Structures are given as C-alpha cells and as structure tokens.
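Next come the chains, spelled out residue by residue.
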Amino acid sequence: MFRLVTLNLNGIRSAANKGFVPFAEGLAADCMGVQEIKAQVCDIAGRFDSVAGMKGHFHCAEKKGYSGVALYSRKEPSDVVLGIGNEEFDAEGRYVEARFDTPRRKLSVISCYFPSGSSGEHRQQAKFRFLALMAPHLIRLKAEREFILVGDVNIAHKEIDLRNWRSNQKNSGFLPEERAWMTHALDEIGLVDVFRVLNPRPEQYTWWSNRGQAWAKNVGWRLDYHLATPALAAKALREHIYLEQRFSDHAPLVIDYDFTL
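Residues numbered from 1 in each chain as written. Predicted model: local features only at pLDDT ≥ 70, side-chain atom pairs only at ≥ 80, totals over all residues. Heavy atoms only, no water.

Concerning helix H6 (residues 176-187)
Part 1 of the argument: If you check H6, its first and last C-alpha atoms are 16 Å apart, about what 12 residues at 1.5 Å a residue would give, namely 16 Å.
Part 2 of the argument: Listed as buried for H6 are Glu178, Trp181, Met182, Ala185 and Leu186. Viewed along the axis of H6, the buried residues span an arc of 130 degrees, placing them on a single side of the element. Facing away from the buried surface of H6 by more than 90 degrees, the exposed residues are Pro176 and Asp187. (Helix = DSSP H or I, 4+ residues; strand = E, 2+ residues; numbered from the N terminus. Expected span 1.5 Å × (residues − 1). Buried < 20%, exposed > 50% of the residue type's maximum accessible area, 1.4 Å probe, protein only. Arc of directions from axis to C-beta.)

Set out below in structure tokens:
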C-alpha cells in the first residue's frame, strides 16, 4: 500500500506549533506533499529536513514568508525536479516533483501550490497565466510517465465542492474560467480527481475561511486534490479528510493506493 497525503500548512513553523509533526508521525505515510510552507532553507535546516522518517525535498520562494512547497518521501527518489521552467512562478516556489523510476516504470509524485487570485486582479491574472502554463506541462508529463499531483489547486471544480456556490460565482476559486480549466484537465488531458471518484458525497471540504464561523458551520471549499493519471487513480483504495485536529486553515487529505514505490 502507498499512503499519500497533501496539506497546505499555511506556514510550516506555525503548523508545527499546532501539532503537525506528531500528526505526521502517527499517519504512517509513504509520501507527503505540503504547500505554503512560508520558509527559507535556513528556516528548514535542522528542523524540518525530515518529518516522520520521510526526507523532505523543497522548492522555496525567493520572497521570505511566502508560498513554497515540499515533498516528503520515505523512499529516496531517483530524481527531483524543482519548478516548471518558468521564471515568474519558479521564483514563487510552487512545484516539486519526485521521480521514482525503475527500468520497468516511470512514476512521479508532485507537490504543487497553484496561485490564489483572491487578493486582487493582478494576482487573478497571475493565476490565469499559471493555469495556461500548467496545462501543456501536464500534457507533456502524462505522455512520459505516470504521476500523482497533490496540492492546493485553489479551484473548487463543481457546485458540490463548496457550500455557498451561488454567491461565489464571481469570486476567485470558482470563476467559470478556473472551473473550465479543471474540466479540461480531467476530460481532455485525462487526469482523474481521485478523491471525487472515491467519495461522491456533498459537504466534503478541505479549506475554511478564518472569517466568521466558517469552520464551526462547515462553510468550506474543496481546494486540495490528488490529480492522477488513470492507471494510478485506478489503484486508489480509500480517502480521508482529516478533521480531528487543525494545523492550518486547510485539512489534510489522505488517500491510500494499492501499489508501492
């Protein structure tokens, strides 16, 4: 079995102060993708290089206290790729890909943090630029290898994926263009939204605003995904959104697969 978890930490040091490391130690994951670590190499060294017996591979943002992703793995990758080859977004630390290649198989696990457009129109336009780059990147990758991309995609795909969909149709994260990108990724690129295949029920959210009583009332959004190539998605066994403890404004999304690295 291969246990893969994704979690937007909203700051790795902040999450650690809220019990993130003991949670990870009890999870027995094989790989863990985390996003928005908000840390530099000097902040990670000696403290977060490894978590729960898994070695971390990091893509930090140039700007301090901003963005950044990591992928922790129990098995040593055959190669690690940082960034998507674009100067604007690679400077923001948004993509780390660990490759686990053998003579018989090419397989990647990716931790990715898609931009949010909620802070203003300039960031929404940046998000659209990122989406325009990611589509062909994923097409090329799928032609070469099997992969599971985990991360905060910052898009709720369908009405079922957020509580107040009617009032959010003009808000970042549920814009028609963003939802169309996700549809394209699934229907045309051919990726699989693994969680939704396993769990078709409503009110399954991974992010809640810190405003009001969003968490208490479960007024949430499903923004965190496992996007997999079909052969790997077909091996998914079970899913779990971890709600028992909070380390961030996001919840960990855990999926078990019937394969090993």
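That shown, we press on.
Quick word on the packing of helix H5 (residues 121-144) against H6
Part 1 of the argument: Axis separation between H5 and H6 bottoms out at 11 Å; the angle between their running directions is 10 degrees. One way to sum up the angle between H5 and H6 is to call them roughly parallel. Contact residues: H5 offers Gln124, Lys127, Phe128, Leu131, Met134, Ala135 and Leu138, while H6 offers Glu177, Glu178, Trp181 and His184.
Part 2 of the argument: Of the residues assigned to the contact of H5 with H6, the class counts are six nonpolar, two polar and three charged. (Axes fitted to C-alpha atoms, helices over the stretch in contact; angles between N-to-C directions. Parallel < 35°, antiparallel > 145°, perpendicular 65-115°, else oblique. Contact = heavy atoms within 4.5 Å. Nonpolar A, V, L, I, M, F, W, Y, C, P; charged D, E, K, R; others polar.)

Let's talk about the pattern of salt bridges
Part 1 of the argument: For the structure on display, the rule yields 15 salt bridges.
Part 2 of the argument: Measuring nitrogen to oxygen at the nearest pair gives 3.8 Å for the salt bridge that ties Glu36 to Lys38.
Part 3 of the argument: The exposure class assigned to Glu36 is buried, which follows from its relative accessible area of 15%.
Part 4 of the argument: Lys38 gets classed as partly exposed once you look at its relative accessible area, which sits at 24%.
Part 5 of the argument: With a closest N to O distance of 2.7 Å, Glu97 and Arg99 form a salt bridge. Summarising the burial analysis for this pair, Glu97 and Arg99 share the class buried.
Part 6 of the argument: Look at the salt bridges and you will find they share partners, linking Asp161, Asp193, Arg196 and Arg222 into a network. (Salt bridge = Lys/Arg side-chain N within 4 Å of Asp/Glu carboxyl O.)

Observations regarding the sheet that holds strand S3 (residues 50-51)
Part 1 of the argument: Taking strand neighbours across the sheet as the criterion, the seven strands line up as S3-S4-S5-S2-S1-S15-S14 in an open arrangement whose pairing is mixed. The open sheet has two edge strands with one neighbour each: S3 and strand S14 (236-241).
Part 2 of the argument: As judged from the five bridges shared by strand S4 (residues 54-59) and strand S5 (residues 69-73), these two strands associate in the antiparallel manner. Counterpart to His59 in the pairing with S5 is Val69. (Pairing = 2+ DSSP bridges.)

Describing the state of the cysteines
Part 1 of the argument: Under the counting rule described, the total for this entry stands at zero disulfides.
Part 2 of the argument: Not part of a disulfide, Cys60 finds its nearest cysteine sulfur in Cys42, a span of 8.7 Å.
Part 3 of the argument: When its relative accessible area of 16% is taken as the criterion, Cys60 is described as buried.
Part 4 of the argument: Considering cysteine sulfurs only, Cys60 is the nearest to Cys112, which forms no disulfide, with 15 Å between them. (Disulfide = S-S within 2.5 Å.)

Considerations on the packing of aromatic side chains
Part 1 of the argument: For the structure shown, the criterion picks out 13 aromatic pairs.
Part 2 of the argument: Where Tyr242 meets Phe247, the ring centres are 6.2 Å apart and the plane angle is 10 degrees; that geometry is what we call stacked. With respect to burial, Tyr242 and Phe247 carry one shared label: buried.
Part 3 of the argument: Plain terms: the ring middles of Tyr257 and Phe259 are 5.8 Å apart, the flat faces sit at 55 degrees to each other, and that makes the pair tilted.
Part 4 of the argument: Pairwise contacts between aromatic rings join Phe20, Phe23, Tyr242 and Phe247 into one cluster.
Part 5 of the argument: Between the NZ or CZ atom of Lys63 and the centre of the ring of Tyr66, over which it lies, the distance is 4.9 Å.
Part 6 of the argument: Its guanidinium or amino end placed over the ring of Trp215, Arg246 lies 4.1 Å from that ring's centre, counting from NZ or CZ. (Phe/Tyr/Trp six-rings, centres within 6.5 Å; stacked < 30°, edge-to-face > 60°. Lys NZ or Arg CZ within 6 Å of the ring centre and 35° of its normal.)

Considering the confidence of the model for the protein chain
Part 1 of the argument: Chain-level pLDDT for the protein chain is 97 on average; 100% of the residues reach the 70-or-more range.
Part 2 of the argument: Within the protein chain, helix H3 (residues 41-44) has the poorest average pLDDT of any element, 94, and strand S13 (residues 224-228) the best, 99. (pLDDT = per-residue confidence, 0-100.)

A closer look at the environment of Pro252
Part 1 of the argument: Tracing the chain through its elements places Pro252 in the loop between S14 and strand S15 (253-257).
Part 2 of the argument: Residues Pro252 and Cys60 lie 192 residues apart in sequence; the distance between their C-alpha atoms is 21 Å.
Part 3 of the argument: With residues near it in sequence (within four places) discarded, Pro252 still touches Val5, Thr6, Leu7, Phe23, His240, Ile241, Tyr242 and Phe247.

Thoughts on the sheet that holds strand S9 (residues 146-152)
Part 1 of the argument: One open sheet holds the six strands; their spatial order is S6-S7-S8-S9-S13-S10, and the pairing between them is mixed. A strand with exactly one partner marks an edge of an open sheet, and here the two such strands are strand S6 (79-82) and strand S10 (192-193).
Part 2 of the argument: Bridge analysis of S9 against S13 gives five bridges, and the strand direction is antiparallel. Bridging from a neighbouring strand, Val150 pairs with His226 of S13.

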